[in-house]
Amino acid sequence: MRRILPVVLFCALCLAPAGADVPLRVEQLIYSIEAFNGGDYSATFALQTADTLYLVAGADNLLSVRKTLVYWWPITSEWKTDTDTLNEPIAGSLEIRGPGSVVMKIGLRKLTYFSTETVSGEQWKILYDDEADREVARAQKQSDDYFAAVTAFQKESAAYDARVGTLGSRIAELKAQGNAAAVETAELQSLQKPVAPAATSAYVTAPEPAQDWYVVNIPPGEYTARLVTNDGSIVEGSDKRIVAYSWRRTGGIGYEVIPSDKWTRPEESKTPASVLYVNGNTDLYVRPFSENEADDLFYEKTVSNQASGNPSLFKWVRKADVSGASLGATRPGQPSIEIPEQAFAVKQSNGSDLGYTIAPYDPATAAAGETASLVAFPLSLQKSDAIVSFGLQSAGRPIPGSERQIRIVRPVSSFPAYSLLALLPLAVMACVLALRARRLRGPRSGHGGPR
Amino acid sequence: MRERLHAMKVVARTQLTESLLSPGVYVALGIGMGIGWLLCAGFVRSMDSSGFDPRLNGFWDFATRALSGAFGPVFVERMFSDGPFLAILIISVAPVVLFLAIGSVFRFGMEKAVGAVELIVYGPADGTAYFLGSVIKDAALSLGALAVLTLYFLLLAWVQNLVIGPFFFAFLPVILLLSLSLSAFGILCSTIVSHAAAALALFIALGLLFCAVMAGSLGSSVSSVRQAAQVASAAIQWISPLYYAAMSARGFGGGSALGYSSGLLLLLILSAVVLLASHFIIRRRGVRA
């Protein structure tokens, strides 16, 4: 018994943590944040332990304070919220103190936000109160109408398929009996295939039912924020620091570069000085985008308050796709060619052979429901192309900052002759030492030394 | 003053000749060029259809992972934004700059120990002229090494169809002034302590401290090293040449000519201040070991 007891205890200890795989929920007062990130809104939240919120200055950022449950999710190494169990918004006003003891009191506003596609890219809009409700109703009606049309289409398609099947069987039957099937054939030919309703939504991101938010739009600087309830008391744990920052540089042009053999692994070129080095084995597809430059830490914390970043470095961040431009490409000694933006369909290779085929997308010949996978500027490369320069043009004029260079590197042999040049200093050293030794020997032999 | 200038020139010329007649500089430069070639060849071999893929080369894979882990992916992105040659230059020039700085520290300490400096000081030169001559020698050799490395990299770039970006050229004066300030700190260490080995140890310790503060201050926000380094750097960064070099690089990267030139100017001022401190110490303590 004495021998068995330690073994049993050991097994029990080993099994003890096995039941603890459900994350522990903790009630916290959090800030829910819909932070404007330059081109989009990022949904994030600040834990009670997080001391700072990072927001883009001069833009509408949406904040709300609520009690909820949070838990650590080890798979993605981040904190998550359990709003299904507890989600209790705290009403009041957000008191923000800025530089020079300026105090702003921001009340809750009922609003909705959504984005639409415009000529200059995705455009975000915030609507308040009744206007928000009207927009939500409009979006809902549009969605309902579309789904009603889809349902009708599905019914019509089913009826069409059934009728085609019946007529086909009937024609086959009549032909098998040696009879004419002129009436059935004529009906079959006259049948109209139902057309699927076009998914024409005015929204890129549709509005959701209006909610209460604190709209924070503040100039650059450091602020402190706290929540004051309607009875004038300060909500414990609501004190935060807000860093409102502005972009260091705006209006940059970056490119997403997609090689045809690795279209799932695009590269990005963010500054005009950056050169794209490739081996020239495949064609490239480039997609331009506008970009802004921000502090790495500030931006990362805007997108996700739990993220980390480097406060010493700045990074270019994608804002929106550039549309309505053409690409001018030049090879040395050849005139510039203008490349229009084109749509492509990406098809995965069949069978065991892995890879993709990128072919021009033609809506007329595309399969039903097939849409373009990629809209980009194609750049065909050959091994003989040493340098290909390209840049965007709008109305025949080059767009500043959009110039880039592609260089096809020459393969390096295992031990090229020019690598020996690295030994040049040693060769010079040998010459210098030899000359010096010779010079030192010379006078000694001439004078013969003291006797 | 005129005598000191003359003595400084003579000491610099003599030490330069001695350095050129000994194998150390050539070996350091050869190592730098060899490293440069290996890294450049590794970069070219890491090229695939979508560009630079460090996973295709052992060194670059390790280096980019280590840098990305320590300083974040943006650091690596910025480092390679206009090609590989900035990283290659920094790695290649390190053996030369370190050899020159360590050589000067050790030599000054040794010459003090054997009474050679004392002997010179009995003549027309003084201790300040002697160490200024040594700094000029280091600056001249650094300039020469940078010129040789730049020419070699231009050749490599031409052969492999690579391009040397503007960041590389902007960094050349930064490295030159960094080398100058390292020499100045070397001299300061030699004047503070009597023995050559102790001076060398102090110089290495100081260099490591500057590197640690720099690495910590560049680290990503979650790093505990960074938090400790932030506290340390508040006091130390003002005397660290790496801080001003980083300021210059940040200025150039952000398109700020003022930031770039301020970093260079402050690097120069720091060297001058350190040399001035060495001047007062050597005047007070003399050149006897």
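Residues numbered from 1 in each chain as written. Chains lettered and ligands numbered in written order. Predicted model: local features only at pLDDT ≥ 70, side-chain atom pairs only at ≥ 80, totals over all residues.

A. Quick look at the overall build of chain B. In terms of regular secondary structure, chain B is built from 12 helices and two strands. Secondary structure elements in chain B, listed N-terminal to C-terminal, are α-α-β-β-α-α-α-α-α-α-α-α-α-α. Rg of the C-alpha trace for chain B: 20 Å, near the compact-globule value of 19 Å for 289 residues, within the 12% margin. Seen along its three principal axes, the alpha-carbon backbone of chain B occupies a region of about 70 × 45 × 35 Å. Expressed as a percentage of its 289 residues, the buried residues of chain B come to 48%. When contacts within chain B are restricted to residue pairs at least 6 apart in sequence, those whose partners lie at least 24 apart make up 71%. (Helix = DSSP H or I, 4+ residues; strand = E, 2+ residues; numbered from the N terminus. Rg over C-alpha atoms; globule rule 2.2 N^0.38 Å. Buried ≥ 20, exposed ≤ 12 C-beta atoms within 10 Å, placed from the backbone. Contact = placed C-beta atoms within 7 Å.)

B. Helix H2 (residues 129-176) of chain A, seen in detail. Between its first and last C-alpha atoms H2 of chain A spans 70 Å; for 48 residues at 1.5 Å apiece the expected length is 70 Å, and the two agree. Residue Gly 178 of chain A follows H2 of chain A closely and has a positive phi angle near 85°. (Expected span 1.5 Å × (residues − 1).)

C. A look at the domain arrangement of chain A. All names here are of chain A. Taken domain by domain, chain A consists of domain 1 (24-118 + 208-245), domain 2 (131-203) and domain 3 (249-408). On a C-alpha basis, the centroid separation for the pair domain 1 and domain 2 is 48 Å. Between domain 1 and domain 2, the contact holds eight residues from the first and six residues from the second. Across the side of domain 1 that touches domain 2, the residue classes tally to four nonpolar, three polar and one charged. (Domains from an automatic or database assignment. Nonpolar A, V, L, I, M, F, W, Y, C, P; charged D, E, K, R; others polar.)

D. Structural view of the environment of Trp 79 of chain A. Of note, Trp 79 of chain A is situated in strand E5 (residues 78-89). Excluding anything up to four places from it in sequence, Trp 79 of chain A contacts Leu 47, Val 70, Trp 72 and Gln 306 of chain A.

E. Region of interest: helix H3 (residues 58-71) of chain B. Residue and element names in this part refer to chain B. Here H3 spans 20 Å end to end across 14 residues, near enough to the 20 Å set by a 1.5 Å rise per residue. Of all the positions in H3, only Trp 60, Thr 64 and Phe 71 are classed as buried. One side of H3 holds all its buried residues, which, seen down the axis, span an arc of 65°. Along H3, exposed side chains directed more than 90 degrees from the buried face belong to Gly 58, Phe 62 and Ala 66. (Arc of directions from axis to C-beta.)

F. Molecular detail of the interface of chain A and chain B. Listed as interface residues are 45 residues of chain A and, on the opposing side, 43 residues of chain B. Elements represented by at least two residues in the side of chain A that touches chain B include exactly strand E13 (249-259), strand E15 (275-278), helix H4 (296-303), strand E17 (314-321), strand E25 (404-408) and helix H5 (424-447) of chain A. Of the residues forming the side of chain A that touches chain B, the biggest block, seven residues, is contributed by H5 of chain A. Its residues placed into classes, the side of chain A that touches chain B shows 24 nonpolar, 10 polar and 11 charged.

G. A look at the confidence of the model for chain B. Looking at chain B as a whole, its pLDDT mean stands at 86, while 94% of the residues score no less than 70. Per the prediction output, this complex has pTM 0.79; the corresponding ipTM is 0.78. (pLDDT = per-residue confidence, 0-100.)

H. Quick peek at the environment of Pro 166 of chain B. Considering the arrangement of structural elements, one finds Pro 166 of chain B in helix H8 (residues 166-192). The spacing of Pro 166 of chain B and Gly 83 of chain B is 83 residues in sequence and 9.8 Å in space, taken between C-alpha atoms. When neighbours within four sequence positions are excluded, Pro 166 of chain B is seen to be in contact with Ala 273 of chain A together with Asp 82 of chain B.

I. Seen up close, unusual backbone geometry. One non-glycine residue, Asp 129 of chain A, adopts positive backbone phi at about 50°. Within the fold, Asp 129 of chain A resides in helix H2. The exposed category is assigned to Asp 129 of chain A, around which 12 C-beta atoms lie within 10 Å. Although it is not a glycine, Asn 161 of chain B sits at a positive phi angle of roughly 60°. Its location among the elements puts Asn 161 of chain B in the loop between helix H7 (127-160) and H8. Its 14 C-beta neighbours within 10 Å are what place Asn 161 of chain B among the partly exposed residues.

J. Examining the pairing of strand E12 (residues 240-245) of chain A more closely. All names here are of chain A. Here E12 shows a clear split, with Lys 240, Ile 242 and Ala 244 buried on one side and none of Arg 241, Val 243 and Tyr 245 buried on the other. As paired strands, strand E3 (residues 52-56) and E12 are joined by five bridges and run parallel to one another. Its bridge partner lying in E12, Tyr 54 is registered against Val 243. With five bridges connecting them, strand E11 (residues 221-228) and E12 associate as antiparallel partners. Within E12, the residue paired with Glu 222 across the bridge is Val 243. (Pairing = 2+ DSSP bridges.)

K. Local environment of the pairing of strand E18 (residues 326-330) of chain A. All names here are of chain A. Sheet analysis places E18 next to strand E23 (residues 387-394), joined by five bridges and oriented antiparallel. Bridge pairing in E23 places Gly 328 opposite Gly 391. Looking at chain direction, E18 and strand E19 (residues 337-339) are connected through three bridges and run antiparallel. Paired with Leu 327 across the two strands is Ile 339, which belongs to E19. Once E18 ends, the chain turns through six residues before running back antiparallel as E19, passing Gly 333 with a positive phi of about 80°.

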